[in-house]
Amino acid sequence: MSAVGTSQNLTPSQAAKLRRTAWYRQPRFSRLWAMVALGVLLALVTGEQGNTRDIFYSLETTFTGGGLWVCLALTVGVWVLREFAGDRLKGLADKAKPGTVGPLAAVRGRIQADKRLRWGLIVLALVLALSIPSMVERYWQTVLVDQIAIFVLLAIGLNVVIGWAGLLDLGFFAFFAVGAYSTAFWTGRLPIEPPVVLNPFWVIPIAVVTCLLTGLLLGAPTLRLRGDYLAIVTLGFHEIIYLVAKNADGVTGGPQGARMIPDFSIDFAGISYKWSIDPLPYWYLLVFFIVVVIILFSRLEHSRVGRAWTAIREDEIAAAANGVDTVRFKLMAFAIGASTSGVAGVVFTSKYGYINPEVFPLLQSILVLAYVIFGGMGSIPGVLIGAAALVWLPEALKDYVDPSDRYMYLGALLVIMMIYRPQGIWPSRRRQRELKLAEQGIGDADAMSEPAGGKF
């Protein structure tokens, strides 16, 4: 039993320390206790609701019914598969081909090494994105536009802030609200009149600039903050935007919001087209914007700006000591990341035709952050996969799970993911390296997710 939980990557001193550790405190069994706790918690939050006549009714029905055992079977089953079947398969692969990497890593390495293969997969993905939506029913077309495409744009922007620059932002959805209310203002649907009434299509560049400026306003007073302190400030920023939208009746319309926002239309250089309630034209428009943003941000990631963000994320003090203008580049991260929210806000508002403050709850900011972490911080393919998968999952559970419990199962999936693959589905190579160094006790506080002041 003393060898349980050991790894081939451990040094002799680490292996000796592990052998001296009590069996119930070893990594494998620590993960088991976490999965058991997750199963109990999942049973509690998805079980029967309590009532005023019997305050223990919910606990009694949960611990005496079959739901508890179902949840424990699911979570402990995941532990068994991962700890035993996963290790056995990995051992067989290592024994068959010593020194080889895993299948996923091999596929990723082949894609990164072969430029033609990489471009071929990109073209194939684009063709599928344009062709498959026309083959699905109207409900899923609406989900693709109203949720998946919108949240993919938001996740790509947040990835700049948290994945590349390492700035924890818990209020990112507020920028989406800024873009939405910019649309309502410039289309003349708010109590205050704009200088000129515009079609929503021409509001897009204005909304992008507005979100850029808002990102600068948020970043300027928070430049000296890091970690948890920065997260609290961004959380407060979201609440400020929400409360202003709800209470400033003479500016934002208050709780009533804005209605009768016109549809997209374009009449330029002989091209005339008007979007209607059909979701597919909006889908094609959003795919176009997503592709443009990915191209621009990919170029940015490998530029001098992207390298500066990487230096700030890994060690801000060392970056500043080596001549990186941390103030300037952190401001750029806030502003550039917020820009995609302007596009998403305009498209969403125009398609729906109305907005009010309740469209922008704090939960949405947390969900966007979860999508980025689940997919893989710092990785554009990972962010696309994470946002699409986690937006699709609650909708797929719609016919099988009570609406109030859908996000509970989503939370359970996130917990399992953080236990077994904290780097995400498709992580960036830099993030993988940071987590590996953190596990070995090497690296800065930011890379190890410690408080701003480091270890105590």
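(A) Focus on the overall build of the chain. A tally of regular secondary structure across the chain gives 19 helices and 2 strands. Each of the 456 residues in the chain was classed as buried or not, and the buried ones make up 44%. The contacts in the chain between residues at least 6 apart in sequence include a share of 72% that link residues at least 24 apart. Carbon and sulfur atoms make up 65% of the accessible area of the chain, which amounts to about 24100 Å² in all.

(B) Highlighting empty space enclosed by the protein. Summed over the entire model, instances satisfying the criterion amount to 1 cavity of 30 Å³ or more. When its volume is computed, the largest cavity comes out at roughly 40 Å³. If you go around the largest cavity, the residues you meet are Ala174, Ala177, Tyr181, His238, Ile241, Tyr242, Ala245, Pro357 and Phe360. Broken down by secondary-structure element, the contributors of at least two residues to the lining of the largest cavity are α8 (173-186) and α10 (227-247). A total of 4 residues in the lining of the largest cavity trace back to one element, the largest contributor, which is α10. For the lining of the largest cavity, the class distribution of residues is 8 nonpolar, 1 polar and no charged.

(C) Quick look at the layout of surface pockets. Space inside the second largest pocket adds up to approximately 2200 Å³. Ile122, Ile294, Ile380, Pro381 and Leu384 are, among the 49 residues lining the second largest pocket, the residues nearest its centre. For the lining of the second largest pocket, the leading source of residues is helix α6 (residues 115-131), giving 11 residues. Grouping the amino acids of the lining of the second largest pocket by side-chain chemistry returns 33 nonpolar, 8 polar and 8 charged.

(D) Representation of helix α18 (residues 406-420) within the structure. Counted at 1.5 Å a residue, the expected span for α18 with its 15 residues is 21 Å, and the 22 Å between its end C-alpha atoms agrees. Of all the residues in α18, the buried ones are Arg406, Leu410, Ala412, Ile416, Met417 and Tyr420. Buried positions in α18, seen along its axis, are confined to an arc of 160 degrees and lie on one side of it.

(E) Inspection of a nonpolar patch on the surface at higher detail. Side chains of Leu117, Leu121, Leu124, Leu128, Ile132, Met135 and Val136 sit close together on the surface and give an oily, nonpolar patch of about 590 Å² of accessible area. Within the secondary structure layout, Ile132 lies in the loop between α6 and α7 (138-164).

(F) Summary view of the pattern of salt bridges. Counted according to the given criterion, the structure contains 3 salt bridges. Between Lys351 and Asp146 there is a salt bridge, with its nearest N and O atoms 3.2 Å apart. Taken together, the residues Lys351 in helix α15 (residues 326-352) and Asp146 in helix α7 connect sequence positions 205 residues apart. One salt bridge connects Glu358 with Lys246, and the closest N-O pair in it is separated by 3.8 Å. Of this pair, Glu358 sits in the loop between α15 and α16 (362-375) while Lys246 sits in helix α10, and the two are 112 residues apart along the sequence. Of the residues examined, Lys246 reaches a relative accessible area of 30% and is grouped as partly exposed.

(G) Spatial organisation of the nonpolar core. One finds Leu154, Phe264 and Trp309 to be the most contacted residues of the largest nonpolar core, which totals 94 residues. If one sorts the elements of this core by residue count, α7 sits on top with 17 residues. Contacts of Phe264, omitting those with residues within four sequence positions, involve Asn199, Pro200, Phe201, Ile204, Lys274, Trp275, Tyr282, Leu285, Val346, Val347 and Ser350. Listed in part, the 13 residues of the second largest apolar core include Phe29, Ala43, Leu68 and Ala412.

(H) The arrangement of the packing of α8 against helix α9 (residues 200-219) in detail. Two elements in contact, α8 and α9, have axes whose closest approach is 9 Å; the angle formed by their N-to-C orientations is 135 degrees. Classified by the angle their axes make, α8 and α9 are oblique. The two elements α8 and α9 meet at a crossing, and its hand is right-handed. Contacts from Phe175, Val178, Gly179, Ser182, Thr183 and Trp186 of α8 reach α9 at Pro200, Val203, Ile206, Ala207, Thr210, Cys211, Thr214, Gly215 and Leu218. Taken together, the residues of the contact of α8 with α9 break down into 9 nonpolar, 6 polar and no charged.

(I) Region of the structure containing the side chain of Thr183. Along the chain, the position of Thr183 falls in helix α8. Among residues more than four places away in sequence, those in contact with Thr183 are Pro200, Val203, Ile261, Gly345, Val346 and Thr349.

(J) Quick look at the packing of α8 against α10. Packing of α8 against α10 brings their axes to within 8 Å, and their N-to-C directions diverge by 30 degrees. Viewed along their axes, α8 and α10 adopt a mutual orientation that is roughly parallel. Crossing of α8 over α10 shows left-handed handedness. Residues Phe173, Ala174, Phe175, Ala177, Val178 and Tyr181 of α8 form the contact with α10, whose own contacting residues are Phe237, His238, Ile241 and Ala245. Looking at the contact of α8 with α10 residue by residue, the class counts come to 9 nonpolar, 1 polar and no charged.

Cut-off values and rules
Residues numbered from 1 in each chain as written. Predicted model: local features only at pLDDT ≥ 70, side-chain atom pairs only at ≥ 80, totals over all residues. Heavy atoms only, no water. Helix = DSSP H or I, 4+ residues; strand = E, 2+ residues; numbered from the N terminus. Buried < 20%, exposed > 50% of the residue type's maximum accessible area, 1.4 Å probe, protein only. Contact = heavy atoms within 4.5 Å. Areas by Shrake-Rupley, 256 points an atom, 1.4 Å probe, with all protein chains shown as cover. 1 Å grid on protein atoms, 1.4 Å probe; cavity = no way out; pocket = protein on both sides within 12 Å on 5 of 7 lines; lining within 4 Å. Points joined across faces, edges and corners; volume = space filled by probe spheres on them. Nonpolar A, V, L, I, M, F, W, Y, C, P; charged D, E, K, R; others polar. Expected span 1.5 Å × (residues − 1). Arc of directions from axis to C-beta. Patch = residues over 30% accessible without salt bridge, like charges linked within 9 Å, V, L, I, M, F, W, Y side chains within 5 Å. Salt bridge = Lys/Arg side-chain N within 4 Å of Asp/Glu carboxyl O. Core = buried A, V, L, I, M, F, W, Y, C linked by side-chain atoms within 4.5 Å. Axes fitted to C-alpha atoms, helices over the stretch in contact; angles between N-to-C directions. Parallel < 35°, antiparallel > 145°, perpendicular 65-115°, else oblique. Left-handed = near helix turned anticlockwise from the far one by under 90°.

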